[in-house]
Every structure is written in C-alpha cells, then in structure tokens.
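Read off the chains here:
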Amino acid sequence: MKRELFEALLAERRAKRPVALVTRLADGVQALVDAAGLRGQLALDADALVEVRRRLAADRSGLVETATGEVLFVRCHVAAQRLVIVGAVHITQALAPMAAIAGFEVVVVDPRRAFATPERLPGVTLVTEWPDEALERIGLDAGTAVVTLTHDPKLDDPALLSAVTSPVFYIGALGSPRTHARRIERLTEAGCTADALARIHAPVGLDLGGRTPPEIAVSILAQLVHARHARDRGLAADAGYAPSPPPGCTPHVAALVLAAGMSSRMGAANKLLAAVDGVPMVARAVDAALASRAASVTVVVGHEGDAVAAALAGRAVRIVRNPDYAQGMSTSLRCGLAALPAAAQAVVVLLGDMPRVGAGHVDRLIAAFDPAEPAIIVPEHGGRRGNPVLWPRDLFAAMQAIEGDRGARGLIEAHATRVRRVACDDDGIFFDVDTPADLAGVAAPVVRQRS
Amino acid sequence: MPIDIDALYNARIKALAQAAHGTGRLDAADGAARRDSPMCGDQVRIEVRVADGRIAALAHEVRGCLLCRASAAMIGLHAVGTATADTARLRERVVQMLAGAEPGEDWPELSLFVPARAHRSRHGCVLIPFEALDAAVRAASPAG
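Quick caveat, the model's predicted, so the values are computed rather than measured. (Residues numbered from 1 in each chain as written. Chains lettered and ligands numbered in written order. Predicted model: local features only at pLDDT ≥ 70, side-chain atom pairs only at ≥ 80, totals over all residues.)

Peer 1: Explanation requested: unusual backbone geometry in the structure shown.
Peer 2: Across residues other than glycine, the phi torsion is negative in most instances, and most of the peptide bonds are trans. A cis amide bond, omega -10°, links Ala202 of chain A with the succeeding residue Pro203 of chain A. Counting through the fold element by element, Pro203 of chain A comes out in the loop between β11 (200–201) and α8 (213–228). A cis amide bond links Asn387 of chain A to the next residue, Pro388 of chain A, at an omega of 0°. Positive phi, normally seen in glycine, also occurs at Glu304 of chain A, with a value near 50°. Note on placement: Glu304 of chain A falls in the loop between β15 (296–301) and α11 (305–311). Phi is positive for Asp52 of chain B, which is not a glycine, with a value near 55°. Secondary-structure assignment places Asp52 of chain B in the loop between β2 (43–51) and β3 (54–63). (Helix = DSSP H or I, 4+ residues; strand = E, 2+ residues; numbered from the N terminus.)

Here it is, written out as structure tokens:
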C-alpha cells in the first residue's frame, strides 16, 4: 500500500468519515473512495464507483467484478455505530458491555447521578445531563441507536421526542404494551406524528421470552444487530442474493379471534364449544390463526368464558376477558384491540363461529398487506365479500369507537377507497354457524377444505 | 414500604406543578444557582434579583418530576418580597418538615408536601429548589 494512501485512510478513520479502500486483485493497485471523491492510482469507471459507494453506504465489504472483467476488493472503513442508552439501570449494566463487544460505541445518559456511576458502569461514557440536552450534544445521526430504559416518563419521553425526529437507525423503549400505549398518548400530545412514533420498537427487543436484566439485554442487542443490517439486507436483495426475511422484518400482523358471543339462536348449547370433526369450533378458528403467519393470536372470551378458555388449553394464545360481552360484538372488538401487541401494524379479525376459515385465508390477507400503503384487506369469493378482514393499525381507534352488537363492517363502507379485495378459492369465508342446522352442514365441506 | 401515590401526587400538587409559577429566565440576574437530585435526576436553576434586602424578581428552570416542579412553582408564587435573610431559614423549614416537623406558617402550600416525608428518596425533589433559592440569594449578596 502506498504511504500517501495509507495516511489518507488513517486520517479519514480518525475523522470517523466513511471511506472504502478498493484494491484491484490482479495487480494490487488501490484507490480510496468516499462519497465525494476518488484518490490513488486505481481508476474506476462510473458504474464501478456507484457500486463501491453503494457498498460503502451499507458498510458491506466484498468482491466486485466490473463490466470489463476486473475483480476489485472493496474494504469499507466505517466508524463504529453508537448506542445511546438512556437510564443507568440493571439492564444497562449488562447491555453496555455486551454492545461494546458487538462493536458499538456505548454512551449512557442518566441525570440520576446515584445510578450513573463508574462503579456501576465501569469503562462506559456517562452523561448526566437531561436526556434531550444530552442527545443534542451527542448528536443523533444515522449511525446511532437510542434505547430508553429508565421506566420514568420524565426521562424517557424527552429522549424519545428527540430520537423520533432524528435520523437514528434504531429506537427502542422499555415498557409493556400498556405502558407504551400511554407513552404514545403523551408523545402524540407533545406533537409527534404517528409515523414518527411507529419508529419506536416497543416493547424493546426481540421476544426471546427472557426475564432477567441480562436476558433482556440480549434481546435488545439482538434487535439492534438486526436493525444495523437492515440496509445490508436491502443491498443483498438488489444483488439477487434473495435472502429470506428474518423475523421482525416482515410486517407485524396480529390475529384476533372473537369468541365471546352468546349464540342465542343455537339454543342452550354454546356453539363455540360444539365439536366439528372432534375439535371445538372455537379451537378451529384459533388453530387457523396459529397456523398462519400472524405474529400473535389474541382471543376474546366472554359468555361462558372459562369453558371457552378451557377448550383452548395448551394453545399459545393470549386470552382476554370481555365482561361486557352481552352488550354486543363491538365490546369484544374494543377489548381485543386494546390487548394487541403494540408492535402490531395490522390485525386479522377472525370470528369464533366460522369453522371453515383456515390458515390459508389468513395468510392471503397478510401477504396482501403492505405497511407502506396500509389497506383494509377483505377476502372475496365469487364477487362477495367475506371474513376474516385485515385492518391496519390507524383504523384501530375507529374500530374501538363502534358501539352495540355490530362488527367493523360499517367502516369498510366508510373507507371504501382504502379497501383491497383478495380473491379466495372457496366459500369458507362466508360460512358461519348460527343455528343447529348450520352446524350439521359444516362437517362435510370441512373435510374437503384445503389446508 | 407501600407507596401511596395518590397522596404523594395529590391534585393540588399536580395543579401547582402545572401552573409552573415563575418559570423562565431573568434579563439581568444578581445571583443564580443550580442544584440537582441524584436519586430522582431533577435539575433546578434559580435566578434572583435582589433590592433593599429582599428578593425583587425570581425565575426558575426545572427539568424534573412533579414534586420538584411543584416545589419550584411554590417558590415562584411566594418568593418575591421575601427577605434575603429568610431563605436559609426557609430551606431549613423544608428539611424539618420532611423530617416530621409541622410545615409552619410561612407558605400554606408547604403542607402539600407532607406526604413526601414517607419517601426518603424523594426528599431531594422537594428540597433542591429551596437549596437553589438560598444559594442564588447568597450569590447575589455583596458580602458573599
């Protein structure tokens, strides 16, 4: 390597400016490429420069073959990404050293000097200013991630307010879905847009099922690593590597099964518990949701709630009880929507009394969902609309405002321009069980139903 | 220790914090002081102008919890006109109140903070505005 080029490379690295060292493998001739220019002996044509800069933007080193058949090795030198952790809490004591090992430059912000001490966080840069002032001084850029862990809104909120309007590549906030719902209310009141707030990963971290502070730190770090390579995956897809999207990359669509109704037309027996092919009807709807690509399944029970919940024993679902089930389906919808994971970008609402709806129906709806253009997605067969329906998150509030024994059908008319229809091959999307005669008719078609 | 949040954050404390009397900066301050609470993280800065042995103008900036903002707002409500010689006694009054003494007759709102007695880690939230007030007044006094 030429001394001049080496010194230029060192200078760029010291200044933390991203730069790529390009080496022609045939003869070792090199060039230094950054966003603005090209230095060194190696000449690169316009196409090669574009490709090198694309790799530099994604911090993706590797071999590039030019149109003229030259093989170049591109080595990207990009400054370490930064992780700003707000809150010098127990999780931080585990996360700070782990993130440092994973290559992040870690800064911990906490004005509570009793917590932000070098004894608790040895070797970590500590900042005890108020979070928004601290973040402004630190400077939030596209190479920075922000995680808030104080559990104290007076500290977390100002940090998040700064982060959601900055170009940081990741924002995470500790707290349950309920805590996050209240946080969303406060930040909305403070002037944040829904788009900005949607950037917050909450509850923070991949759902690994861990409970202890170090386990939660692992789940946060796992999500950070996933986020750090988002652009990288984009590049890989462009280059035709066709990677399979990792979990968390696909849209988060939840399934909600309404199973609280009184089935008054069925007589005394609860239709949801009636066996269809030996399986209680409600369990069929839940199993269809579980077998689909939905990220989670929430079931609302009400009438004979204990018995319905017992029929679902052993299934990985969240059961929510609707004490007001007698007031109609809208109350179950409201209960269920309130219990969905905060990360859900959309929900597929299944009805417990539609035993011929399968995972395939649900997956068709999910496949048609595009978070960039969130539509109401309705299944259709022979020109008729059916159930279940997929609803984007921005309509949850309108769905929760429905009253009485009505579903969300009226909203489909009200938002006709946002409705997208998806064709289904069979009529299972119409078939619900309201009377004993319906129940008698369900068995035969079910056998033929495609899985 | 069970925390009686309702008593700690009673409606009048909330109203006081929201009213935020005295928030801001002075054009020309004679003295200023900053204090923080290491347990809760609150940060308070108080500026004063003094004339004829009394506080002539006061402004404060608080980044902090409800208790701290309410405490500073109480100062914003009452401090102008207070004798500079009295701020040390006021600070001591708050210390004693948190330790269990009667809140006294100085400022009626002081009794709102009685529930904080039970929460040692929150004493600083109530106290630091008074510490900052006294320090700001001392910084403004010619004798130092």
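There's plenty left to go through after this.
Peer 1: Is there a simple way to think about the packing of helix α4 (residues 87–99) of chain B against helix α5 (residues 123–140) of chain B in this case?
Peer 2: Between two packed helices, what matters for the description is the angle formed by their axes and the separation of those axes. All names here are of chain B. Remark: α4 packs on α5, axes separated minimally by 8 Å, with the N-to-C direction vectors making an angle of 170°. Considered as vectors, α4 and α5 are oriented roughly antiparallel to each other. The handedness of the crossing between α4 and α5 is left-handed. Residue-level contacts link Thr87, Ala88, Leu90, Arg91, Val94, Val95 and Leu98 of α4 to His123, Val126, Leu127, Phe130, Glu131, Leu133, Asp134 and Val137 of α5. Tallied by class, the residues present in the contact of α4 with α5 amount to ten nonpolar, two polar and three charged. (Axes fitted to C-alpha atoms, helices over the stretch in contact; angles between N-to-C directions. Parallel < 35°, antiparallel > 145°, perpendicular 65-115°, else oblique. Left-handed = near helix turned anticlockwise from the far one by under 90°. Contact = placed C-beta atoms within 7 Å. Nonpolar A, V, L, I, M, F, W, Y, C, P; charged D, E, K, R; others polar.)

Peer 1: Even after reading the chapter, I still don't get the interface of chain A and chain B, so can you show me in this structure?
Peer 2: Note: interface size is frequently given as the accessible area lost on complex formation between the parts. Listed per partner, the contact involves eight residues of chain A and nine residues of chain B. Residue composition of the side of chain A that touches chain B, by class: four nonpolar, no polar and four charged.

Peer 1: What's the story with α8 of chain A in this structure? I'm lost.
Peer 2: Because each turn of an α-helix spans 3.6 residues, side chains separated by three or four positions end up pointing in the same direction. Residue and element names in this part refer to chain A. Given a rise of 1.5 Å per residue, 16 residues ought to cover 22 Å, and the 22 Å separating the end C-alpha atoms of α8 matches this to within 8%. Within α8, burial applies to Ile216, Ala217, Ser219, Ile220, Leu221, Gln223 and Leu224. Looking at the buried side of α8, the elements it contacts are β6 (82–86), α3 (90–101), β9 (144–148), β10 (170–173) and β11. (Expected span 1.5 Å × (residues − 1). Buried ≥ 20, exposed ≤ 12 C-beta atoms within 10 Å, placed from the backbone.)

Peer 1: Sorry, what's going on with the environment of Asp157 of chain A here?
Peer 2: Residues and elements named next belong to chain A. The residue Asp157 is located in helix α5 (residues 153–164) in this model. Given 20 C-beta atoms within 10 Å, Asp157 falls into the buried group. Those residues in contact with Asp157 that sit more than four places away from it in its chain are Arg186 and Leu187.

Peer 1: I'm lost on the nonpolar core in this one. Help?
Peer 2: Nonpolar side chains in soluble globular proteins generally cluster together in the buried interior. Val253, Val257, Val347, Val348, Leu350 and Leu390 of chain A are the most contacted members of the largest nonpolar core, which has 107 residues in total. Discounting chain neighbours no more than four positions away, the residues touching Val257 of chain A are Ala285, Val286, Ala289, Val297, Val299, Leu350 and Gly352 of chain A. (Core = buried A, V, L, I, M, F, W, Y, C linked by C-beta atoms within 7 Å.)

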